[in-house]
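Results of the structural survey
For reference, the chains in residue letters:
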Amino acid sequence: MSAIPSAPSLHIVIAGAGPAAQALVRRLAGGADSRQRAFHGTITVLSNRDECPEALLELAELPQVSVRFGQAASFVDPDARIVTTVDGMEFSYDQLVIATGSAPALPPVEGAESSLSYSTIDDAANIGEAVKDVTRLVGRRPLGILVGNGPAAGQAEAVLRARGVRPVRTTLRPTAVVPSTGTSTGGLTATGILFEDGSSMKGDLVVLAEERTARNDLAESAGLTTAPDGGISVGRDLATTVPGIWAIGDAASCDGLRLGLLLSAESSAMLCASGLLLSAGKDDQQTLIAA
């Protein structure tokens, strides 16, 4: 009797190395959920960053994971299932996950680094910690300045109110964020904004929640369908319109909204991992039937 051949090992390429990509790697290769079907395969992470953040170095130490720093994906051939990087390196894949994130739609506001930002639902936790620090510092309910007029700003306002902040919202873009001249805490120093006409607003903290655009150049090279908001169109399982390609994080769009505003990085990773493993299981069955 001939032996039944084992199914081939699955190779996943992740284009991007941000929070959603990192969460996906941990869930697949780090055993984040013991109830989830074991992942048997390898993962290549293509990062556009030359530096090696600690979080990525930790992932690179996992036996199934290879992280390529400074190798941003630039082109996808979905028929050959090959990803090409900006340096011309080629990586074949069984399943591709695009996690290239988003970018600000407008140039940065002067001094924005001293303010808080709200881009995805994951930023809610950071804002919550900052509010605690400011509340202890001022000894009262803080007054917050919120800049923005889109869905992200709406979510940021809800986050601030839920944490006891009185948000004063402006849709007029400031020319600069004003750092505090007094005592600050936790690195939070922005307490005001300036407008082009010389007017200003003062508060206890500043939150910028301006609109962002998905980085979808890679998706366009693969012929993926994009949503009206510019993100990569995905279904509830985070699969794109091209078989074998998935999108997670702020690069994706579902139900007319950026995925980063719908799901946390961990939730996005959980859904994508389930879909990947389910797809791999179907492929395994087909391999065994063909044998």
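Residues numbered from 1 in each chain as written. Predicted model: local features only at pLDDT ≥ 70, side-chain atom pairs only at ≥ 80, totals over all residues. Heavy atoms only, no water.

**Concerning the overall build of the protein**
Along the backbone of the protein there are 7 helices and 20 strands. Burial statistics for the protein: of 291 residues in total, 46% are counted as buried. Expressed as a percentage of contacts within the protein between residues at least 6 apart in sequence, the contacts between residues at least 24 apart total 59%. Within the structure as shown, the protein displays about 14200 Å² of accessible surface, and the carbon and sulfur contribution to it stands at 52%. (Helix = DSSP H or I, 4+ residues; strand = E, 2+ residues; numbered from the N terminus. Buried < 20%, exposed > 50% of the residue type's maximum accessible area, 1.4 Å probe, protein only. Contact = heavy atoms within 4.5 Å. Areas by Shrake-Rupley, 256 points an atom, 1.4 Å probe, with all protein chains shown as cover.)

**Thoughts on the sheet that holds strand E14 (residues 200-202)**
Read from one edge of the open sheet, 3 strands run E12-E13-E14, paired in antiparallel fashion. Each having just a single partner strand, strand E12 (176-179) and E14 make up the two edges of the open sheet. Neighbour-to-neighbour, the strand axes of the sheet open up by a mean angle of 25°, direction not taken into account. Pairing of E12 with strand E13 (residues 190-194) involves 4 bridges; the strand directions are antiparallel. Paired with Val177 across the two strands is Ile193, which belongs to E13. (Pairing = 2+ DSSP bridges. Axes fitted to C-alpha atoms, helices over the stretch in contact; angles between N-to-C directions.)

**Description of the pattern of salt bridges**
Enumeration over the complete set of coordinates arrives at 9 salt bridges. With a closest N to O distance of 2.9 Å, Arg26 and Glu266 form a salt bridge. Taken together, the positions of Arg26 in helix H1 (residues 19-29) and Glu266 in helix H7 (residues 265-290) put the pair 240 residues apart, joining distant regions of the chain. Judged by relative accessible area, which is 37%, Glu266 ranks as partly exposed. Among the ionic pairs, Arg169 bridges to Glu157, the shortest N-O distance being 2.8 Å. Within this pair, whereas Arg169 is found in strand E11 (residues 166-170), its partner Glu157 is found in helix H4 (residues 151-162), the two being separated by 12 residues in sequence. Overlapping salt bridges bring together Glu157, Arg161 and Arg169 as one network. (Salt bridge = Lys/Arg side-chain N within 4 Å of Asp/Glu carboxyl O.)

**Section: the pairing of strand E15 (residues 205-208)**
On E15, burial covers both faces: Leu205 and Val207 on one face and Val206 and Leu208 on the other are all buried. Strand direction decides the pairing type here: strand E9 (residues 116-117) and E15, joined by 2 bridges, are parallel. Of the residues in E15, the one forming a bridge with Ser117 is Leu208. By the bridge criterion, 4 bridges tie strand E10 (residues 143-147) to E15 in an arrangement that is parallel.

**What to know about the sheet that holds E11**
Overall, parallel pairing links the 4 strands, which are arranged E9-E15-E10-E11 in an open sheet. Of all strands in the sheet, those with a lone pairing partner are E9 and E11, marking the two edges. Relative to E11, E10 runs parallel, the two being bridged by 5 bridges. Note that in E11 the partner of Val147 across the bridge is Thr170. Against the sheet, H4 touches E10, E11 and E15, its axis set at about 160° to E11.

**Let's talk about helix H3 (residues 123-138)**
The end-to-end C-alpha distance of H3, which contains 16 residues, comes to 22 Å, matching closely the 22 Å that a straight helix rising 1.5 Å per residue would cover. Those residues of H3 that are buried lie in contact with E9, H4 and E15. Phi turns positive one or two residues past the end of H3, at Gly139, with a value near 70°. (Expected span 1.5 Å × (residues − 1).)

**Some thoughts on unusual backbone geometry**
Although it is not a glycine, Leu238 sits at a positive phi angle of roughly 75°. Even without being a glycine, Asp255 presents a positive backbone phi close to 55°. The residue Asp255 is located in the loop between strand E19 (252-254) and strand E20 (257-258) in this model.

**Considering the side chain of Ser102**
By secondary structure assignment, the location of Ser102 is in strand E8 (residues 102-104). A distance of 2.5 Å separates polar atoms of two side chains, one belonging to Ser102 and the other to Asp250. (Polar contact = N/O pair within 3.5 Å; in protein donor to acceptor, adjacent residues only side chain to side chain.)

**Topic: the pairing of E10**
On any regular strand, side chains alternate: one points to one face of the sheet, the next to the other face. Of all the 5 residues making up E10, 4 are buried; the element is thus mostly covered by neighbouring parts of the structure. Handedness of the E10-H4-E11 crossover: right-handed. (Right-handed = clockwise from strand over helix to strand, strands pointing away.)

**Observations concerning H1**
Where burial is concerned, most of H1 is hidden: 9 out of the 11 residues are buried. Buried residues of H1: Ala20, Ala21, Gln22, Ala23, Leu24, Val25, Arg27, Leu28 and Ala29, and no others.

**Describing the nonpolar core**
Within the largest apolar cluster, 51 residues are counted, with the highest numbers of intra-cluster contacts made by Ile12, Ile14, Leu24, Leu28, Ile43, Val97 and Ile245. The leading source of residues in this core is H1, at 7 residues. Excluding anything up to four places from it in sequence, Leu24 contacts Ile14, Val97, Ile248, Ala269, Cys272, Ala273 and Leu276. Leu116, Ala130, Val165 and Ala209 belong to the second-largest nonpolar core, a separate cluster that totals 18 residues. (Core = buried A, V, L, I, M, F, W, Y, C linked by side-chain atoms within 4.5 Å.)

That's the geometry; what it means functionally is another story.
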